[in-house]
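# Structural features, examined
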Amino acid sequence: MYGWRGKLLRVNLSTGEIIVDQLDPKIARDYIGGRGLGIYLMNQELDPQCDPFSPENMIIMATGPLTGTKAPTGARYMVMTKSPLTGAITCSNSGGKFPAAFKQTGFDAVIFTGKADKPVYLVIENNTARLKQAGHLWGKTTHDTTDALVTETHENAKVACIGPAGENGVLFASIMNDKDRAAGRSGVGAVMGAKNLKAVVVIGDQEIPIADDAGFKAINKRLIDAFRKAAKENPPPLRLHGTAVTVMATQNYGVLPTKNWQQGTFDNWEKIHGETLTEKYLVSNSACFSCPIGCGRKTKVEEPGFEGQGEGPEYETVYAMGSNCMVDNLAAVTKANYLCNEYGMDTITMGATIACAMELYDIGLLTEKEVGRTLEWGDAKALVELTKQTAFRQGFGDLLAQGSYRLAEKYNRPELAMVSKKQEFPGYDPRGSQGMGLAYATSPIGGSHMRGDPAYFELLGVPKVIDRLEWKGKANLVKIWQDFFCVIDAAGLCVFYSVRNLGNSELEMLPTGILELINAATGANYTLEELAKAGERISNAERHFLVKAGFTRKDDSLPPRMTKEPLPDGTSGGSVCHLDEMLDDYYALRGWSNDGIPTPEKLSELGIA
Amino acid sequence: MTAYQPLKNCRNWALPDHVTIKLFSTLRQYTPGEKEFSLPWHSNMQAQEVLNILKIPDTVERVILVNGRYSESDKKLSPNDIVVLFPPMAGG
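Residues numbered from 1 in each chain as written. Chains lettered and ligands numbered in written order. Predicted model: local features only at pLDDT ≥ 70, side-chain atom pairs only at ≥ 80, totals over all residues. Heavy atoms only, no water.

### Brief notes about the overall build of chain A
Which entries qualify depends on this criterion: Segments assigned H or I by DSSP are reported as helices when at least four residues long, segments assigned E as strands when at least two residues long, and all are numbered from the N terminus. Between the two quantities, the radius of gyration covers C-alpha atoms and the globule rule is 2.2 Å times the number of residues to the power 0.38. Only protein chains enter the accessibility calculation, which uses a 1.4 Å probe; a residue whose area is less than 20% of its type maximum is buried, one above 50% is exposed, and one in between is partly exposed. Throughout, a residue-residue contact means that at least one pair of heavy atoms, one from each residue, lies within 4.5 Å. Every accessible area reported is derived by Shrake-Rupley at a probe size of 1.4 Å, with residue values counting cover from the shown protein chains alone. Positive charge is attributed to Lys and Arg, negative charge to Asp and Glu, and no charge count is given to His or to the chain ends. The atoms used to mark charge sites are NZ of Lys, CZ of Arg, CG of Asp and CD of Glu.
Counting secondary structure elements, chain A contains 26 helices and 17 strands. By the compact-globule yardstick of 25 Å for 609 residues, chain A fits well, its C-alpha radius of gyration being 22 Å. Along the longest, intermediate and shortest principal axes, the C-alpha atoms of chain A span 60 × 55 × 50 Å. Counting over 609 residues, chain A shows a buried share of 66%. Counting contacts in chain A only where the partners sit at least 6 residues apart, residues at least 24 apart contribute 69% of the total. With the model as given, the accessible surface of chain A reaches about 19100 Å², and the carbon-plus-sulfur share is 48%. Looking at chain A, you have 64 positive and 73 negative side-chain charges, and the mean spots of the two groups are 3 Å apart.

Right, here's the structure in full:
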């Protein structure tokens, strides 16, 4: 095969057996790879009702046909499993250098099942793989684990691993690769920890065979030349200031979640803005494999109490740990981000859970006795201290480790958790961004912006901006963008580059540029309709799994704060999210029942069994 | 050129004869000095006039917000309007 490697690695952690399986070319074509291949395997092989922490659960790390190639941003892989946070699927996506090196070992994906007796790690080195003992690594941070594994395997090794949070079953533990890149969301690291799997080490240097090598090179040259030319007059804001530059947009739109989503603006927003990060803490930017943008932030903080260096924060971290907790101390936010990276935790859920705890404290349901300290809005030291306690499940951190929904539910106020399917929202208030509300509610992983991000066309001007407060017509766009994102994720590309450079630049986005790249790389000769259909197939296959796991319309929900409490401030003041109206439209457009279940006809049309 | 006034020196910026301009990110380079400033308002003033005064070339991509709502360059401005300009962004 071209583009694809044609091989899957299967690792049974209970028995230690490792086998090489073939990638069925028809499945590769129908599901592309990455996220698509992952959900195909989950539907075929995993009991949707299983306990996420049981040996039965599987972890799939899957690349796409463009991962590890010279395609711009061909740097991504996807981690899929059944989530302990949500009970739904995960689609935790990450870039850096690890995914490309993984693909260059000769495999498209690795599938873990079972549970090891003792801590182990897997080494994949050019077509071979072996399990090794990891007892000496257990308890180490992600940074220390990475350094140790590079030392004991190979100087060119790339590492994905968990930290103490994953070992300790924090429900939102992440898998960190290349130290600071995160498959961040939904607790994928906790599933690894439950399997006693500390790390995956890849040592790969095989070039990926390309069907039309000359054609592929020509397309890439054209894309990169165009990007560089455009960047001369319009330098990518993400390169200059990172994703945290988005703060100024959400603040001005009145959708910057503040005080556990009680407000849409934050008075001290400039203190946590990306431009402030650049001025005060930026050391340099950094880029993933084959990326022309370079949005990563290498930073260093010297303020006493918050000293450290590493990567971040991203916009989502700045919202969750900053404005949402009313913390205007960017040094503290950055420090808490470093700790999440080193202990292996999702910064969004960490920050949002602390914000929820601050509200429970504010209204008197939580007290100093239970928290072990005061917990006023804006307490920067509490942010850092509770982040540490959460990773080790010490004191109040044991409760925070379960995420905001379980925390709020314990105090009989589950509606104060700003979640969909028990996963915390990213930083765009859907009361001022209607399509975003529908995207949160229908995302297969719960609250997420990366499964079809309406912020592009409602807030950020890509490909253009439409009325963010209007709900009519949004269902169609959310469906189209969700399916478009499925193709991006399955191909192994980055959303940031793809939305501006690999689509047709219409609101009704189609993967025209991805089509060119995939066809040249794989020789599969997709038509545009077939590729777009593959995106729709992935969306429906994910939904099919969720339905089998018991999810219906009642789970496609937003907390009443979003649908019943108008925003009190800012330029979205007075607005609520019209979710129910959009859901009716959405299900009809999807070919799903009014309860959100794909009809037999729709599944048959897409060939989903 | 139409005079601009730095916001902090413009005590009367809230009076109904000015609009407030805020520039962000890569558009900051077009600021006449302050990142926030005011321009005198006049009837028939459109957002395009702000772009012209700041000499932002047509080829430079920008999102225009007027009072937090996305607007085209022919948007007619009213007294006390807040005009925000930033580049389109792919990422968050």
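Now that the structure has been shown, we can carry on.
### Some remarks on the sheet that holds strand S2 (residues 17-22) of chain A
Strand pairing in a sheet takes place through backbone hydrogen bonds and is either antiparallel or parallel in direction. Residue and element names in this part refer to chain A. Test applied: Here the rule is simple: two strands pair whenever DSSP picks up at least two bridges between them. Only C-alpha atoms enter the line fits that serve as axes; for helices the fit covers just the stretch in contact. Angles between N-to-C directions range over 0 to 180 degrees.
One open sheet accounts for six strands, arranged S2-S1-S6-S3-S4-S5; its pairing is mixed. Of all strands in the sheet, those bounded by a partner on one side alone are S2 and strand S5 (92-94). Averaged over neighbouring strand pairs, the angle between their axes works out to 15 degrees when direction is ignored. Sheet analysis places strand S4 (residues 77-80) next to S5, joined by three bridges and oriented antiparallel. By the bridge assignment for S5, Tyr77 is matched with Ser94. Along the sheet face, helix H2 (residues 34-45) touches strand S1 (7-12), strand S3 (59-63), S4 and strand S6 (109-113) and points at about 25 degrees away from the line of S4.

### Let's talk about the interface of chain B and chain A
This is how it is decided: Put simply, a salt bridge is a Lys or Arg side-chain nitrogen that is within 4 Å of an Asp or Glu carboxyl oxygen. In protein, a polar contact means a hydrogen-donor-capable atom and an acceptor-capable atom, both N or O and within 3.5 Å, with residues adjacent in sequence counting only if both atoms are side-chain atoms; elsewhere, any N or O pair within 3.5 Å suffices. Gly is placed with the polar residues, together with every amino acid not listed as nonpolar (Ala, Val, Leu, Ile, Met, Phe, Trp, Tyr, Cys and Pro) or charged (Asp, Glu, Lys and Arg).
Every contact between the two is made by 24 residues of chain B and, on the other side, 35 residues of chain A. Among the ionic pairs, B:Arg28 bridges to A:Glu275, the shortest N-O distance being 2.8 Å. Summed over the shared surface of chain B and chain A, the result is 10 residue pairs in polar contact (both at pLDDT 80 or more). For the side of chain B that touches chain A, the class distribution of residues is 12 nonpolar, seven polar and five charged.

### Observations concerning the pairing of strand S7 (residues 120-125) of chain A
Residues and elements named next belong to chain A. S7 sits mainly inside the fold: five of its six residues count as buried. In terms of strand pairing, S7 meets strand S8 (residues 128-133) through six bridges, oriented antiparallel. Paired with Leu122 across the two strands is Leu131, which belongs to S8. Here S7 folds back onto S8, and the loop between the two strands holds two residues, one of which, Asn126, carries a positive phi near 35 degrees. As defined by bridge partners, S7 adjoins strand S12 (residues 197-203) across six bridges and the pair is classed as parallel. In the sheet register, Glu125 faces S12, and the bridge partner there is Ile203.

### Things to note about the domain arrangement of chain A
Residues and elements named next belong to chain A. Inclusion rule: Residue ranges assigned to the domains are those given by an automatic or database domain assignment. Throughout, the accessible surface (probe 1.4 Å) given up by two parts as they are put together, summed over both, is called the buried area.
Looking at chain A, the domain boundaries give domain 1 (7-203), domain 2 (236-423) and domain 3 (434-606). A separation of 26 Å is found between the C-alpha centroids of domain 2 and domain 3. Listed by partner, the interface residues are 27 residues for domain 2 and 32 residues for domain 3. Across the domain 2 to domain 3 interface the summed buried area is about 2100 Å²; carbon plus sulfur atoms make up 61%. Where domain 2 meets domain 3, there are two salt bridges. With a closest N to O distance of 2.8 Å, Asp556 and Lys421 form a salt bridge. Connecting domain 2 to domain 3 are 19 residue pairs in polar contact (both at pLDDT 80 or more). Residue assignment for the side of domain 2 that touches domain 3 shows that the elements contributing at least two residues are helix H9 (246-253) and strand S16 (419-420). With four residues, the top contributor of residues to the side of domain 2 that touches domain 3 is H9. Of the residues in the side of domain 2 that touches domain 3, the class split is 12 nonpolar, 11 polar and four charged.

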